[in-house]
Amino acid sequence: MGFFNTFILEYLSSKQNQFLHQNDMQNQLFYCLFISILLFSCSTDKTITTPVEDPTTSAKEAKAAVTKNPNKNLYWGDTHIHTNFSSDAFLFGTIMATPDDAFRFAKGEVMTYPPTGEKIKINRPLDFLVVTDHAEGLGTMLKARDKASFLMATEAGRRLAKIVEGKPGIPMFLKWLRAKNLGETGLTEIDTGKVMQTIWEEHNQYADDHNQPGKFSAFIGWEWTSTLNGNNLHRVLFTPQGAKAANQFQPYSATHSSNPEDLWNWLEETTKKYEVDLVSIPHNSNVSGGLMFPDEKDSKGNQIDVSYAKTRAKWEPIVEMTQIKGTSEAHPALSPNDEFAAFELWDILLKSTGGNTAARTTPRRADFVRYALQDGLKLEESLGTNPYKFGMIGSSDTHTALSSVEEDNFTGKNLIDGGAVDKSTPWINDVKNLDFSSSGYAAVWAESNTRRDIYDAFIRKEVYGTTGSRIQLRVFGGWDFEQKDVEQADFVTTGYQKGVPMGSDLNNAAGKKLRLMIHAAKDAEGGNLDRIQVVKSWLVDGKTQEKIYNVAWAGDRALDKAGKLAPLESTVDVKNATYTNTVGEVELAKVWEDPDFDAAQRAVYYVRVLEIPTPRYSTIASAKLGRDPWAGAEPVIQERAYSSPIWYTPVK
Amino acid sequence: MLKKITKEPLVHFLLAGFLLFVYFKISGRDSGLENTITINKETLLNFMQFQSKAFNKDVFDAKFEQFSETEKQQLLKNYIQEEALYREAVKLGLDQNDFVIKRRIVQKMEFILDDFDESLVTISQDSLQAYYQQHQQRYFQPAQYTFAHIFFKKGTNEAGLKRATAFMQSAKHQNLSTTESLPFGDRFLYHRNYAEKTSNFLESQFGTSFTQALAKMEATGTKWQGPIASDHGWHWIKLTHQSTPAFSELSAIQSTVRADYLGYLKQQHKQAQIERLIKDYRVSIDL
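A brief structural summary. Remember, it's a predicted structure, so these values are computed and weren't measured experimentally.

### A closer look at the overall build of chain A
Thought 1: In terms of regular secondary structure, chain A is built from 19 helices and 30 strands.
Thought 2: Scored against the burial criterion, the 652 residues of chain A give a buried share of 65%.
Thought 3: Pairs at least 24 apart in sequence give 78% of the contacts found in chain A among residues at least 6 apart.
Thought 4: Split by element, the accessible area of chain A, about 21800 Å² in all, is 50% carbon and sulfur.

This is the structure we're talking about:
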């Protein structure tokens, strides 16, 4: 841990040129703690076994009769939320915001935003939520502050309680840090034993209490916070089952291992042993330093083989590709022909440069989902199986317990940067709070709003992601769709009968060209739609290719020779942060045939829907403060939705 | 007049000041405590910690000891520069009437007053009940609707209305179940079925005239009613349930009310502290 002291000193001294500001202190704390959490490393796994009678379904869910819609309903949610059970959130001031608050806010209750005391409420409630606190040190700050008896019964707990006396802040953090460096906190001990069990059970109870089959699905989950040398390999995990099932095991953390391959092994063992279901969702590949979607070696340096590909595809069928720390779809440097690739990018690594600037990563193919989908085709060609066959969602990763990525109602990354406050304040070094993105949500097509149906939609990848807007998007792939099919009242039934929904496979071309039936409707309370695009990637002679097709659009624009479409006129009044729906369409629908389809080539397609330009959250904040937007962020954005892909595999 | 002026203390003060100025000007040196910047290790360590916004004397002590001579000189130079500029600014009165500085100090004070300890509060069921009754409007549950619809595009010259009306002439159509109704009508941009949705939600997807018409409908669960107009066209509605708007029972939202009540007590506590401070001031208002 010698590195750690050096790091802190370097980091703190790098802050010398800034004015004292309470928010900075909190931000800095956040950063340091985050790093420190990720530095634990130990390989003990002491799960506690308790036999249970009914591990598969919570009693409440079994009793309720919920109406199912075979054509699926659309549900909105967030699978990535932190509360005061996360050590970093706690030490940075998310002290009062419990998992209970997280669920209540998501359900639409009025809450108090701690920094300002203002009443806040999500504009439109969510249908489901997963509270995913960091497994490393889960709830221990909170319990140590409250001197919980089960924690005080341990030597480590008593030490921790001394450390967290008083108000959270830098001195407390440093006390904790020093103790940890000296090995005095015994966090490894309390992370795995009876302490973890007690906290984990309490954490799970919140979800059970808030779960209302048919109305609101409250999931049990956590975050596995692995960071290799500042490179983000984080995953959130959740189960469709209730506390009874989840209490049988303890959440796998980076304390156990920082290698995803070990996490998948644990998933294999745990799901078998306790008859539970679990799904793992990687996020922030944009700052993985080329480690998230490797195409040669795994995280331990082993050659990627069939077993890696199969295991990964099994446990990680979904990727969270847009969130507060940026969108990981693609990068303009790697997709120069995509004029929409430069969207809410984020490149801040979780480590210090020792100077006044944050450590930034350079874009690599393995950092973005589009190239992972492409490399998946390549690996499938050589291995016979595709490790990167994943669907896509958005989620927030907010550390405020309050999930709102609504542009005009953004609650922030920490309990600092939400609402109409000065967004130009530094988060760390040269990173400003306005660099955060008010994004995203997970949209799910499921038969009903129950834990099981929503989880199943994740597994079959009938889900999509948005950057916070509630654009409605439906995609079916097939060979026989006609334009008139999508004009029918019941195009959805036709979609399932003649094709497959997003997240699925097609393989038997039989001399036909692949068609997509796409329907998009604007967010009922948001901006109109600009266009629908299909992003196709394919493999020619072992080389990956990509092309973006504009397939449906608003207004009387014509495609140019290169297939590009002129931008739609912006109606945004930046000064007042307003826009009008005088341009764009409320609805776009199209059956599109791939003009370049080649039945011999592996291909993967996903749909991207763009809204008309609207004011970014930072512009809305500056307007409320009666000033011009701060420099350093685009004042106007085009919100978007990304479908899960449809794959075409030639029959050999 | 002159006599009066010579008795004015301000004049004495200005005169004394002028004489001192002349004295220092002539003697060519600025002595006086306020022009001395005293630096010891303590000062520098404090400076380092505030610059870094981190406070741990031992850590910084160690860091200081490791500094090379050049680094120490640089630190000294920085400190002297900051201190001299600060004092000059204060001399020029730049700290006066600056609302940024004032606001910052007020914030610090508010932070000190914000010392409410939740764990010391016990909330009785009676006080919770009283709070709930006082703030009942906050716990209002609006009406919720569950229905299916068959949609006809607006069209031109009432074409949509004509098609919608003609559609329900048929007895077969009148008896359609929700599932059987799916292939009929036009594509609607959102959904065919809505379960327990509030009028606010529905308004965003259908518009105001639609929700007003819906509110007047009877929830038969069997009959297709309408057609009613929305922003998009005409709708036949099968309304299966409509809940009456009501205040949520305290028992159902106990934890919410409790959290709100705690927030209220916290605000009360802070306000009482502020009032207590204000009481010691005599306020003179001259409008």
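Anyway, onward from the coordinates.
### Remarks on a nonpolar patch on the surface
Thought 1: Taken together, the side chains of Leu15(B), Phe18(B), Leu19(B) and Phe21(B) present a nonpolar region at the surface, about 460 Å² in accessible area.
Thought 2: Structurally, Phe21(B) can be placed in helix H2 (residues 9-27).

### Notes on helix H15 (residues 369-383) of chain A
Residues and elements named next belong to chain A.
Thought 1: Taking 1.5 Å per residue as the helical rise, H15 with its 15 residues ought to reach 21 Å, and the 20 Å between its terminal C-alpha atoms agrees with that figure.
Thought 2: Within H15, eleven of the 15 residues are buried, leaving the element largely enclosed by the surrounding structure.
Thought 3: When H15 is considered as a whole, its buried residues turn out to be Val-369, Arg-370, Tyr-371, Ala-372, Leu-373, Gln-374, Asp-375, Gly-376, Leu-377, Leu-379 and Glu-380.
Thought 4: In the core, the buried residues of H15 are packed alongside strand E10 (318-323), strand E14 (391-394), strand E23 (529-540), strand E24 (543-553), strand E26 (603-611) and strand E30 (646-648).
Thought 5: After H15 finishes, the residue Gly-384 shows a positive phi value of roughly 85 degrees.

### Some words on the sheet that holds strand E19 (residues 472-478) of chain A
Residues and elements named next belong to chain A.
Thought 1: On the basis of which strands lie adjacent, the open sheet formed by four strands has the order E20-E19-E22-E25 and antiparallel pairing. The sheet is open, and its two edges are formed by strand E20 (499-501) and strand E25 (587-593), each paired on a single side. Looking at each pair of strands side by side, their axes are set apart by 15 degrees on average, direction ignored.
Thought 2: The sheet contact formed by strand E22 (residues 515-521) and E25 spans seven bridges and is antiparallel. If you follow Leu-516 over to E25, its bridge partner there is Trp-592.

### Notes on the side chain of Asn433(A)
Thought 1: Mapped onto the elements, Asn433(A) comes out in the loop between strand E16 (431-432) and strand E17 (441-446).
Thought 2: What makes Asn433(A) buried here is its relative accessible area of 1%.

### A closer look at the pairing of E10(A)
All names here are of chain A.
Thought 1: With six of six residues buried, E10 lies mostly within the body of the structure.
Thought 2: In the sheet, E10 pairs with E14 via four bridges, with the strands oriented parallel. Counted as the bridge partner of Ile-318 is Gly-391 from E14.
Thought 3: Inspection of the sheet shows E10 paired to strand E11 (residues 326-327) by two bridges, in the antiparallel sense. From the neighbouring strand, Gln-323 faces E11, where its bridge partner is Gly-326.
Thought 4: The turn joining E10 and E11, which pair antiparallel and follow one another in sequence, is formed by two residues.

### Regarding the side chain of Lys461(A)
Residues and elements named next belong to chain A.
Thought 1: Along the chain, the position of Lys-461 falls in the loop between helix H16 (451-459) and strand E18 (463-466).
Thought 2: Among buried charged residues, Lys-461 stands out as having no salt bridge; its nearest opposite-charge side chain is Asp-505, 6.0 Å away.
Thought 3: When neighbours within four sequence positions are excluded, Lys-461 is seen to be in contact with Pro-317, Ile-318, Lys-389, Phe-390, Gly-391, Met-502, Gly-503, Ser-644 and Trp-647.

### Some details on the packing of aromatic side chains
Residues and elements named next belong to chain B.
Thought 1: Enumeration according to the criterion identifies 47 aromatic pairs over all chains in this entry.
Thought 2: Measuring from ring centre to ring centre gives 5.0 Å for Phe-188 and Phe-206, while their planes differ by 15 degrees; the resulting arrangement is stacked. Of this pair, Phe-188 sits in the loop between helix H10 (178-181) and strand E3 (193-198) while Phe-206 sits in helix H11 (residues 199-206); the two residues are 18 residues apart in sequence, bridging distant segments of the chain.
Thought 3: A residue is classified by how much of its surface remains accessible, and Phe-188, at 3% relative accessible area, is buried.
Thought 4: Judged by its relative accessible area of 0%, Phe-206 falls in the buried class.
Thought 5: Joined through ring pairs, the aromatic side chains of Phe-147, Phe-151, Phe-188, Tyr-190, Tyr-194, Phe-201, Phe-206 and Phe-210 make up one cluster.
Thought 6: Note that Lys-72 overlies the ring of Phe-64, its terminal NZ or CZ placed 5.1 Å from the centroid.
Thought 7: A cation over an aromatic ring shows up here: Lys-197 above the ring of Phe-201, its NZ or CZ 4.8 Å from the ring centre.

### Some details on the packing of helix H13 (residues 260-274) of chain A against helix H14 (residues 306-315) of chain A
Residue and element names in this part refer to chain A.
Thought 1: Relative orientation of the contacting elements H13 and H14 amounts to 65 degrees, with a least axis distance of 10 Å. By the angle between their axes, H13 is roughly perpendicular relative to H14. Pair H13 / H14 crosses with left-handed handedness. Mapping the contact onto sequence places Glu-261, Trp-264, Leu-267, Glu-268 and Thr-271 in H13 and Tyr-308, Thr-311, Arg-312, Lys-314 and Trp-315 in H14.
Thought 2: Classifying every residue of the contact of H13 with H14 gives four nonpolar, two polar and four charged.

### A few points about the sheet that holds strand E2 (residues 144-153) of chain B
Within a sheet, adjacent strands bond to each other through the backbone by hydrogen bonds, running parallel or antiparallel.
Residues and elements named next belong to chain B.
Thought 1: With antiparallel pairing, four strands are arranged side by side in an open sheet as E3-E2-E5-E4. Of all the strands in the sheet, the pair left with one neighbour each is E3 and strand E4 (225-229). The average undirected angle you get between the axes of adjacent strands in this sheet is 40 degrees.
Thought 2: In this sheet, E3 lies alongside E2 in antiparallel orientation, the contact comprising four bridges. Pairing of Ala-148 across the sheet is with Asn-193, part of E3.
Thought 3: Together, E2, E4 and strand E5 (233-242) form the strand contacts of helix H8 (residues 159-167), whose direction differs from that of E2 by roughly 110 degrees.

### Overview of the nonpolar core
Thought 1: Of all hydrophobic cores here, the largest spans 132 residues; its most connected members are Trp222(A), Leu473(A) and Leu516(A).
Thought 2: Aside from chain neighbours lying at most four places away, what touches Leu516(A) is Val475(A), Phe476(A), Gly477(A), Val534(A), Lys590(A), Val591(A), Trp592(A), Tyr605(A), Val607(A) and Ile646(A).

### Digging into the environment of Phe201(B)
Residue and element names in this part refer to chain B.
Thought 1: As for its position among the elements, Phe-201 is in helix H11.
Thought 2: Look at Phe-201 and you get partly exposed, because its relative accessible area is 23%.
Thought 3: Considered as a pair, Phe-201 and Thr-211 are ten residues apart in the sequence and their alpha carbons are 9.6 Å apart.

### Considering the pattern of salt bridges
Thought 1: Under the criterion given, the structure shown has 55 salt bridges over all chains.
Thought 2: When the shortest N-O distance is used, the salt bridge between Arg515(A) and Glu482(A) registers 3.8 Å. Of this pair, Arg515(A) sits in strand E22 while Glu482(A) sits in the loop between E19 and helix H17 (483-487), and the two are 33 residues apart along the sequence.
Thought 3: Judged by relative accessible area, which is 39%, Glu482(A) ranks as partly exposed.
Thought 4: With its nearest N and O atoms 3.6 Å apart, the salt bridge here joins Arg138(B) to Asp260(B). In this pair, Arg138(B) sits in the loop between helix H7 (125-134) and strand E1 (140-141) while Asp260(B) sits in helix H13 (residues 254-279), placing the two residues 122 residues apart along the sequence.

### With respect to the environment of Ala143(B)
Residue and element names in this part refer to chain B.
Thought 1: Within the secondary structure, Ala-143 sits in the loop between E1 and E2.
Thought 2: For the pair Ala-143 and Glu-196, spaced 53 residues apart in the sequence, the C-alpha separation amounts to 8.7 Å.
Thought 3: Setting aside anything within four residues of it in sequence, one finds Ala-143 in contact with Lys-197, Thr-198, Ser-199, Ser-243 and Pro-245.

### Notes on the environment of Ala243(A)
All names here are of chain A.
Thought 1: Secondary-structure assignment places Ala-243 in helix H12 (residues 243-246).
Thought 2: For Ala-243, a relative accessible area of 3% corresponds to the buried category.
Thought 3: Here the alpha-carbon distance between Ala-243 and Ala-207, two residues 36 residues apart in the chain, equals 7.8 Å.
Thought 4: The residues touching Ala-243, leaving out its near neighbours within four places in the chain, are Asn-204, Gln-205, Asp-208 and Ile-220.

Parameters at a glance
- Residues numbered from 1 in each chain as written.
- Chains lettered and ligands numbered in written order.
- Predicted model: local features only at pLDDT ≥ 70, side-chain atom pairs only at ≥ 80, totals over all residues.
- Heavy atoms only, no water.
- Helix = DSSP H or I, 4+ residues; strand = E, 2+ residues; numbered from the N terminus.
- Buried < 20%, exposed > 50% of the residue type's maximum accessible area, 1.4 Å probe, protein only.
- Contact = heavy atoms within 4.5 Å.
- Areas by Shrake-Rupley, 256 points an atom, 1.4 Å probe, with all protein chains shown as cover.
- Patch = residues over 30% accessible without salt bridge, like charges linked within 9 Å, V, L, I, M, F, W, Y side chains within 5 Å.
- Salt bridge = Lys/Arg side-chain N within 4 Å of Asp/Glu carboxyl O.
- Expected span 1.5 Å × (residues − 1).
- Pairing = 2+ DSSP bridges.
- Axes fitted to C-alpha atoms, helices over the stretch in contact; angles between N-to-C directions.
- Lys, Arg positive; Asp, Glu negative; His and termini not counted.
- Phe/Tyr/Trp six-rings, centres within 6.5 Å; stacked < 30°, edge-to-face > 60°.
- Lys NZ or Arg CZ within 6 Å of the ring centre and 35° of its normal.
- Parallel < 35°, antiparallel > 145°, perpendicular 65-115°, else oblique.
- Left-handed = near helix turned anticlockwise from the far one by under 90°.
- Nonpolar A, V, L, I, M, F, W, Y, C, P; charged D, E, K, R; others polar.
- Core = buried A, V, L, I, M, F, W, Y, C linked by side-chain atoms within 4.5 Å.

Interpretation in functional terms is not warranted from these geometric data alone.
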